[in-house]
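An overview of the molecular structure
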Amino acid sequence: MSTTGPSAGNPASRFAPGTFVPAPGPGSRIRMLLAHARVETLLTLRHGEQLLLTVLIPIALLVALSLLDVLPGVDGAVAGSGGTGARVHEVAPGILALAVMSSAFTGQAIALGFDRKYGVLKRLAATALPRWLLVCGRMVAALVVVLIQVSLVTLVALALGWRPELAGVLPATGLLVAGTAAFGALGVLLGGALRADIVLALANIVWFVLLLAGGILLTPSAFPPGIAHAVTLVPSGALAEGLRAALMDGATAWTSLAVLMVWAVTAAAAASRTTRLT
Amino acid sequence: MDDGDVLPLVVVNEPATPSLRLADGDLPAASARDGTGDRADAATPALEITGVVKRFGTVTAVNGIGLTMRRGHLLALLGPNGAGKTTTVEVCEGHARPDAGTVRVLGRDPQTERAALRSRIGVMPQGGGAFPGVRAEEMLRLVASCARHPLDVPWLLDTLGLRECRRTPFKRLSGGQQQRLSLACAIVGRPELVFLDEPTAGMDPQARLLVWDLLSALRADGVSILLTTHMMEEAETLADHVVIVDAGRVIADGSPRTLTATDPNVGHIRFRAKAGLDTGLLTAALPEDYLVRELTPGTYRVDGHVDPQVVSTVTAWCAQQGVLAEHLHVGGRDLEEVFLELTGRELRS
Ligand SMILES: Nc1ncnc2c1ncn2[C@@H]1O[C@H](COP(=O)(O)OP(=O)(O)OP(=O)(O)O)[C@@H](O)[C@H]1O
Ligand SMILES: [Mg+2]
């Protein structure tokens, strides 16, 4: 057997001459975007721990807090209609905010941290996929996952007797999108800057702190006045309060929307400077 | 392996001369140019770096490396662990910013003209490079979707023996399967230039032969290839051009043949036989100026000009001693010897 000369071709080769003649060039942007978003979505949905965090914990909390009278300030008797139906009315908007925070922030940050560690970003950066498409693909995937989460949480809440204000559905949708953008950008900011194991720890700590003190489980009114105001300015508090205003009262909370947008833009600007491929 | 096995270039040591094979190297490069609307001349080298320095804190990983790779050539970058091969490749890919020096890939600067280059090059990193949970086929399809005229994905999976495991998550693929997937990702977009960092590391012999065949075919079709390897045989078989680096510097540069070429008077014969034979008799039987040694127990080496008469004398001596010479090797130097001579025989820390 002999190796090939450059033009002769190798008669023993299993590759016909011309098989690999270069024909480089970038693919279509929309195909790249869809392919990337699809893979990111599938990976999230397939990941057991992610599902626990993004779907099971929110739904378990929704069910538990609606059936049991444990949270101060969430009291069916005071709300008038009594029992589960009243409690789910107050609990469901916060759980929707929790779902968004879990996937767009915590899940996203951890996934990004490990993708960097395993050289995925370097790999993708070596393809024709531009960096802005890489971000868009992750965003689309985050929105798809949020859509699935919101659908599941809503179905369970409806089964528990939730009857949201229909007038609030449109503002709630806007808030969910803005919340995904804000938490998504923060997730990229965290996941793109630090070592994977540190990202893992921090993302979970932040999740836990915001769950307890960020306006999700406890409404800002449960805090002393000064702190209460601050709680409405963190993304979790803004999203949860905005969703409560929309789905409980049918109101549009412009302030909450504005707070979320500011977080989204600021975090995205910071992330575009700090995100590293490895 | 005889001379017919060696790649037909050889004469030119310094790669600066325009390619003798321009005619066949030209065709694919021209079509590539049309495809991307690229103004870079196909006659510019595939890769040209000079004086590249890259430091990580106090470590100087690359310390003034310069090398040139012609279009359609296969350049093998050799060097001990930690010599700076991966860092050099990453500087060329645009992943790492050099602290000094110039880098031109297909005539462009990978730092400032990254976007224009990205779709023209293929990259196989040293390990990793895929989402842990992604299935083999999904990963390859994703990378393929980034290219305008990708190779057929099922065909490529089949060819690289990945069909059986196309639905296996990356983290559960064997090391060699991960390597093959990574190689597939590097070539699926029909690039003009590929960077392959230890492409055959961890592969079984069949897979390695397949990859060698694949690399020969890529090269025959006009793809420029830079690969790093620790397998001297790989470099010797495939490469047009070998660059050996050590401690971040180039210590040898040339075709495999020029690097292994020696004075005809310094050939050698090496063989194995029973330990402790009387080499004095052989020395006496050979003409003057031949050196006979038992290198390690049972491994003998005769240094000097080798001709049929000398081989015959050696085998006659063996017969006289009542032993069979095994692994009888007649040679000038091979790349492995050159490498060890240049980089020393001690293990690097
Ligand atoms: N990111 C980094 N930070 C610090 N030091 C680094 C980094 N990358 C490489 N180095 C150092 O630079 C030197 C060259 O490393 P490099 O990976 O280029 O070697 P190599 O020739 O590819 O080795 P191998 O054959 O083992 O793959 C080594 O001393 C390594 O420790
Ligand atoms: Mg290396």
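Definitions and cut-offs
- Residues numbered from 1 in each chain as written.
- Chains lettered and ligands numbered in written order.
- Predicted model: local features only at pLDDT ≥ 70, side-chain atom pairs only at ≥ 80, totals over all residues.
- Heavy atoms only, no water.
- Donors = N, O, S within 2.8 Å, 3.2 Å for Na, K, Ca; no water.
- Helix = DSSP H or I, 4+ residues; strand = E, 2+ residues; numbered from the N terminus.
- Buried < 20%, exposed > 50% of the residue type's maximum accessible area, 1.4 Å probe, protein only.
- Pairing = 2+ DSSP bridges.
- Axes fitted to C-alpha atoms, helices over the stretch in contact; angles between N-to-C directions.
- Contact = heavy atoms within 4.5 Å.
- Buried area = accessible area lost by both parts, 1.4 Å probe.
- Salt bridge = Lys/Arg side-chain N within 4 Å of Asp/Glu carboxyl O.
- Polar contact = N/O pair within 3.5 Å; in protein donor to acceptor, adjacent residues only side chain to side chain.
- Nonpolar A, V, L, I, M, F, W, Y, C, P; charged D, E, K, R; others polar.
- Parallel < 35°, antiparallel > 145°, perpendicular 65-115°, else oblique.
- Near = heavy atom within 4 Å.
- Areas by Shrake-Rupley, 256 points an atom, 1.4 Å probe, with all protein chains shown as cover.
- Domains from an automatic or database assignment.
- Left-handed = near helix turned anticlockwise from the far one by under 90°.

Some words on the coordination of the magnesium ion (ligand 2)
Residues and elements named next belong to chain B. Within the protein, the magnesium ion (ligand 2) binds to Thr86 (OG1) and Gln126 (OE1); these donor distances fall in the range 1.9 to 2.2 Å. With a gap of 40 residues between them, Thr86 in helix α2 (residues 85–93) and Gln126 in the loop between β5 (121–124) and α4 (136–145) connect regions that are remote in the sequence. Residue class for Thr86 comes out partly exposed when judged on its relative accessible area of 25%. You can call Gln126 partly exposed: its relative accessible area is 43%.

Remarks on the sheet that holds strand β12 (residues 299–303) of chain B
Residues and elements named next belong to chain B. Here we have four strands laid out as an open sheet, ordered β11-β12-β10-β13, and antiparallel in their pairing. For this open sheet the edge positions go to β11 (291–296) and β13 (326–331), each flanked by a neighbour on one side alone. Ignoring strand direction, the axes of neighbouring strands in this sheet form an average angle of 15 degrees. Judged from the five bridges that link them, β11 and β12 form a sheet pairing that is antiparallel.

Thoughts on the environment of Gly18(A)
Residue and element names in this part refer to chain A. Structurally, Gly18 is set in the segment before α1 (29–46). By relative accessible area, Gly18 is classed as partly exposed at 34%. It is 49 Å that separates the C-alpha atoms of Gly18 and Val177, two residues lying 159 residues apart in sequence.

Topic: the interface of chain A and chain B
With 44 residues of chain A at the contact, the number on the chain B side is 59 residues. A buried area of about 4600 Å², summed over both sides, lies between chain A and chain B, and 61% of it is on carbon and sulfur atoms. Applying the counting rule to chain A against chain B returns three salt bridges. With its nearest N and O atoms 3.2 Å apart, the salt bridge here joins Arg14(A) to Asp213(B). Put simply, chain A and chain B have 16 residue pairs in polar contact (both at pLDDT 80 or more) between them. Of the residues forming the side of chain A that touches chain B, the biggest block, nine residues, is contributed by α1(A). Residue composition of the side of chain A that touches chain B, by class: 24 nonpolar, 13 polar and seven charged.

Concerning the sheet that holds strand β4 (residues 100–105) of chain B
All names here are of chain B. Reading across the sheet, the three strands line up as β2-β1-β4 and stay open at both edges, with antiparallel pairing between neighbours. The sheet is open, and its two edges are formed by β2 (59–69) and β4, each paired on a single side. When the angles between neighbouring strand axes are averaged without regard to direction, this sheet yields 25 degrees. Sheet topology places strand β1 (residues 47–56) next to β4; five bridges connect them, and they run antiparallel. Note that in β4 the partner of Leu47 across the bridge is Val105. The sheet strands contacting α2 are β1, β2 and β4, and the helix crosses β1 at an angle near 115 degrees.

Re the packing of helix α6 (residues 175–187) of chain B against helix α7 (residues 205–220) of chain B
All names here are of chain B. Packing of α6 against α7 brings their axes to within 12 Å, and their N-to-C directions diverge by 10 degrees. Considering the angle they form, α6 stands roughly parallel to α7. Contact residues: Arg180, Leu183 and Ile187 in α6; Ala207, Val211, Leu214 and Leu218 in α7. Classifying every residue of the contact of α6 with α7 by side-chain character gives six nonpolar, no polar and one charged.

As for the site of ligand 1
Residue and element names in this part refer to chain B. Around ligand 1 lies a shell of 13 residues, among which Gly82, Lys85, Thr86, Thr87 and His230 are the nearest. Within the side chain of Gln126, an N or O atom sits 3.0 Å from an oxygen atom of ligand 1. When isolated, ligand 1 has an accessible area of 640 Å², and the protein chains bury 62% of it. No other element matches the three residues that α2 contributes to the shell around ligand 1. Split by residue class, the shell around ligand 1 holds four nonpolar, seven polar and two charged.

A few points about the domain arrangement of chain B
The domain boundaries assigned to chain B delineate domain 1 (18–260) and domain 2 (268–332). Centre-to-centre separation of domain 1 of chain B and domain 2 of chain B, based on C-alpha positions: 43 Å.

So, the packing of helix α7 (residues 169–191) of chain A against helix α11 (residues 254–274) of chain A
All names here are of chain A. Two elements in contact, α7 and α11, have axes whose closest approach is 8 Å; the angle formed by their N-to-C orientations is 25 degrees. By the criterion of interaxial angle, the relationship of α7 to α11 is roughly parallel. Two packed elements cross with a definite hand, and for α7 against α11 that hand is left-handed. Here Gly174, Leu175, Ala178, Gly179, Ala181, Ala182, Ala185, Leu186, Val188 and Leu189 of α7 lie close against α11, whose contacting residues are Ser256, Leu257, Leu260, Met261, Trp263, Ala264, Ala267, Ala268, Ala270, Ala271 and Thr274. Of the residues in the contact of α7 with α11, the class split is 17 nonpolar, four polar and no charged.

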